[in-house]
Amino acid sequence: MVSTDIGLINFLFKFHNKTMEDLLSQLYAQVLTPSIPPLSSEHQQRLQQCSIDENSPGTILRDFQTLLDFLHPNGTQVSGKNNLFPLKLLPEINSRLSHPIQTNLKRPQQKSYPYINGLYLLLRASGLSQVKHKGKKQILVLDETVLQSWTNLNPTERYFTLLEAWMIFGTEEILGERYDLMGNLFKCVQFWSRLPENGFSIAKYSDQREFSYSPGLYNIALLDLFGFLSVQSGQPEAGQGWRITRLQPLPFGDAMVRFLFTICGKKDFTWESQGKVNVTFGELQPHFQSFFPEWKNNLVLTNNEFTDGIYVFKVSLEKAWRRIAIPANFELDGLSDSILDAFDFDNDHLYQFIYKDRFGRRGQISHPYCDELPSTAEVCVGELPLQPGDRMIFLFDFGDHWEFDMQLEEIQPPNAKIKMPQILKRYGEAPSQYWDEEEDWEEDEDWDGDDE
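Residues numbered from 1 in each chain as written. Predicted model: local features only at pLDDT ≥ 70, side-chain atom pairs only at ≥ 80, totals over all residues. Heavy atoms only, no water.

(A) Structural detail: the overall build of the protein. Of regular secondary structure, the protein possesses 15 helices and 13 strands. Evaluated residue by residue, the protein yields a buried proportion of 52% over its 452 residues. On the protein, roughly 22400 Å² of surface is accessible, and the fraction owed to carbon and sulfur atoms is 48%. (Helix = DSSP H or I, 4+ residues; strand = E, 2+ residues; numbered from the N terminus. Buried < 20%, exposed > 50% of the residue type's maximum accessible area, 1.4 Å probe, protein only. Areas by Shrake-Rupley, 256 points an atom, 1.4 Å probe, with all protein chains shown as cover.)

Structure follows, in structure tokens:
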């Protein structure tokens, strides 16, 4: 029943309407929230007695460092669309981890290696890496400033940095999947509520199939890496991927899940810092610091700031495109007007700009008449979290659903001579915004009603 409800709600959510998102999130949390026993004095003692190092609890710090060390100093080329690791690198990364898995797939992808997939999620959601554009190639590089902040953290601080990256900022969009209605913590807590105290064995592949969605195999791998869960693996069958034979909850994991549920269950699993352009770590610190007094500092990220200059966008619609230059101080309302004028569209419908931020998460800025925030009247072009080479979508008219593809080609130095948006180049004839009613009426008049 639970799986059916989750599937129905996520089916409804595919429309990506923010108001619908808020309503469905509340429905999801209220209807499907599992029952988790409260934190007992015994569980509190387990947390207080826990000492964190690179091998305990779990091997998350050791394996995450392995991934950091693997990345090439000049960056690692990743796939163009979802920016994932290329197939040729996966076996080598897998072999270096403390939990290498076996697959029997002809062309295993990144998601075929749940431990790599989970570590990649942390790498992006932590802000330690970002994707740069080098010609037509996408290069995953480490942010040296953030890496220096990471180096200054002690093991406890690193552990909880990665925990927050996973539970608060990590979304399935980072992994190239469709946006999921609820976050990783909700799915992990729900999974934990169904997990017997003495664990259970998995007799065949079909019995582990449900885990592919909830909580997701990468979440099971992360539960293992963080020391919440013990996972036993078996030999994969022909044409099959990772084979799980047994799952066993660990005492530390039970205490952590209960405490996280106590913190977040009353808030419908929403986070104050979730969805913000500028990520700030340390939201869980006030709750955990009494158990882990070593947690004093947090990872510091470089915030997105206003970048002055002349932004040059290549805007494409079907076979036509326009190159538009616009000063950074123009609001996105002005950018919208420029695009519509360039394609001879009437400005008579709602719209939104949709982009992926440096973490790989979906963000949107909507027409001022929409309920969603921020609005295009509040955000300037120079505040967009984009770098040259990045793309975003200008979605115009939610009924006809016109999708303009936009690529930021360059940010030129400020130019006092360019005070207004300019169309630098036009290519191709723009499609008609409206279908020709008169032409369609003439076609209807020519029809004599006899198809035989």
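(B) Inspection of helix α8 (residues 155-169) at higher detail. Taking 1.5 Å as the rise per residue, α8 with 15 residues should run 21 Å; its terminal C-alpha atoms sit 20 Å apart, in good agreement. Extensive coverage of α8 is indicated by the burial of 14 of its 15 residues. For α8, the side-chain oxygen to backbone nitrogen distance between the N-cap and T156 is 3.0 Å, and the N-cap itself is N154. (Expected span 1.5 Å × (residues − 1). Polar contact = N/O pair within 3.5 Å; in protein donor to acceptor, adjacent residues only side chain to side chain.)

(C) Examining the sheet that holds strand β3 (residues 137-142) more closely. In spatial order, the strands read β1-β3-β2; together these three strands make up an open sheet with antiparallel pairing. Whereas interior strands pair on both sides, the edge strands pair on one side only; in this sheet they are β1 (76-78) and β2 (129-134). Between one strand axis and the next, the sheet turns by 40° as a mean value, whatever way the strands run. Sheet topology places β1 next to β3; three bridges connect them, and they run antiparallel. Bridge pairing links T76 to L140 in β3. (Pairing = 2+ DSSP bridges. Axes fitted to C-alpha atoms, helices over the stretch in contact; angles between N-to-C directions.)

(D) Structural view of the packing of aromatic side chains. Scanning all chains against the criterion turns up 28 aromatic pairs. Look at Y351 and F394: their rings are 5.5 Å apart centre to centre, the planes differ by 55°, and that puts the pair in the tilted class. Here Y351, found in strand β9 (residues 351-356), pairs with F394, found in strand β11 (residues 391-396); they are 43 residues apart in sequence, far enough to count as distant. Exposure remark for F394: the relative accessible area of 0% places this residue in the buried category. Site record: aromatic cluster; members linked through ring pairs are Y159, F160, W166, F226, F228, F252, F259, F288, F291, F292 and W295. Above the face of the W321 ring, K314 is positioned so that its terminal group lies 4.7 Å from the ring centre. Geometry around F359 places R358 over its ring, the cationic atom sitting 5.4 Å from the centre. (Phe/Tyr/Trp six-rings, centres within 6.5 Å; stacked < 30°, edge-to-face > 60°. Lys NZ or Arg CZ within 6 Å of the ring centre and 35° of its normal.)

(E) Just the sheet that holds strand β12 (residues 402-412), in detail. Taking strand neighbours across the sheet as the criterion, the seven strands line up as β10-β9-β11-β12-β7-β8-β13 in an open arrangement whose pairing is antiparallel. Since the sheet does not close on itself, it has two edges, and those belong to β10 (362-366) and β13 (422-427), each with one partner. The mean inter-strand angle of the sheet, taken between neighbouring strand axes irrespective of direction, is 25°. Relative to β13, strand β8 (residues 320-327) is paired through five bridges, and the arrangement is antiparallel. In the strand pairing of β13, W321 is matched with Y427. This element, helix α14 (residues 332-342), spans β7 (310-317), β8, β9, β10, β11, β12 and β13 of the sheet and lies at about 145° to β8. (Contact = heavy atoms within 4.5 Å.)

(F) Here's a closer look at the packing of helix α4 (residues 60-70) against helix α6 (residues 114-125). Interaxial distance between α4 and α6 falls to 10 Å at its minimum, and their mutual angle equals 75°. For the element pair α4 / α6, the angle class is roughly perpendicular. Taken together, the residues of α6 that come into contact with α4 (itself represented by I60, D63, F64, L67 and L68) are L119, Y120, L122 and L123. Looking at the contact of α4 with α6 residue by residue, the class counts come to eight nonpolar, no polar and one charged. (Parallel < 35°, antiparallel > 145°, perpendicular 65-115°, else oblique. Nonpolar A, V, L, I, M, F, W, Y, C, P; charged D, E, K, R; others polar.)

(G) Helix α7 (residues 144-151), seen in detail. All buried positions along α7 are accounted for by V146, L147, S149 and W150. Down the axis, α7 shows its buried residues gathered within 155° of arc, on one side only. Projecting away from the buried face of α7 at angles above 90 degrees are the exposed residues E144 and T145. Buried residues along α7 sit in contact with α4, β3 and α8. (Arc of directions from axis to C-beta.)

(H) Highlighting a nonpolar patch on the surface. A contiguous nonpolar patch, built from L350, Y369 and F398 and spanning about 340 Å² of accessible area, is present on the exposed surface. The topology assignment puts L350 in the loop between α14 and β9. (Patch = residues over 30% accessible without salt bridge, like charges linked within 9 Å, V, L, I, M, F, W, Y side chains within 5 Å. Salt bridge = Lys/Arg side-chain N within 4 Å of Asp/Glu carboxyl O.)

(I) Expanded view of the pairing of β8. Counting buried positions along β8 yields seven of eight residues, so the element is predominantly enclosed. Pairing geometry for β7 and β8, over eight bridges, is antiparallel. Residue pairing for β8: Y311 is matched across the bridge by I326. Between the end of β7 and the start of β8, which pair antiparallel, lie two residues, with E318 showing a positive phi angle near 55°.

(J) Structural detail: the side chain of D254. With respect to the element layout, D254 can be found in helix α12 (residues 251-264). Here the side chain of D254 touches H43 through a polar contact of 3.1 Å, side chain to side chain. Beyond its immediate sequence surroundings of up to four residues, D254 is in contact with H43, R46 and W192.

(K) Representation of the nonpolar core. Ranked by internal contacts, the top residues of the largest apolar core, which has 89 residues, are F85, W166, F226, F228, L229, L247 and F288. Apart from residues no more than four positions distant in its own chain, F228 is found in contact with Y159, L163, W192, L223, P249, L250, F252, G253, M256, V257 and L260. A342, F345, L386 and F394 belong to the second-largest nonpolar core, a separate cluster that totals 32 residues. (Core = buried A, V, L, I, M, F, W, Y, C linked by side-chain atoms within 4.5 Å.)

(L) A look at the environment of T59. Within the secondary structure, T59 is located in the loop between α3 (41-49) and α4. With 167 residues separating them in the primary sequence, T59 and F226 have C-alpha atoms 6.6 Å apart. Those residues in contact with T59 that sit more than four places away from it in its chain are E54, S98, H99 and L225.

(M) Main features of the pattern of salt bridges. Taken as a whole and assessed by the stated rule, the structure comprises 10 salt bridges. Among the ionic pairs, E210 bridges to R194, the shortest N-O distance being 3.6 Å. Residue E210 is located in the loop between α10 (205-208) and α11 (217-225), and its partner R194 is located in the loop between α9 (184-193) and β4 (200-201); the two are separated by 16 residues in the primary sequence. The partly exposed category is assigned to R194, whose relative accessible area is 36%. In this structure, D405 and R391 form a salt bridge, with 2.7 Å as the shortest nitrogen-oxygen distance. One end of the pair, D405, is in strand β12; the other, R391, is in strand β11, and 14 residues separate them in sequence.

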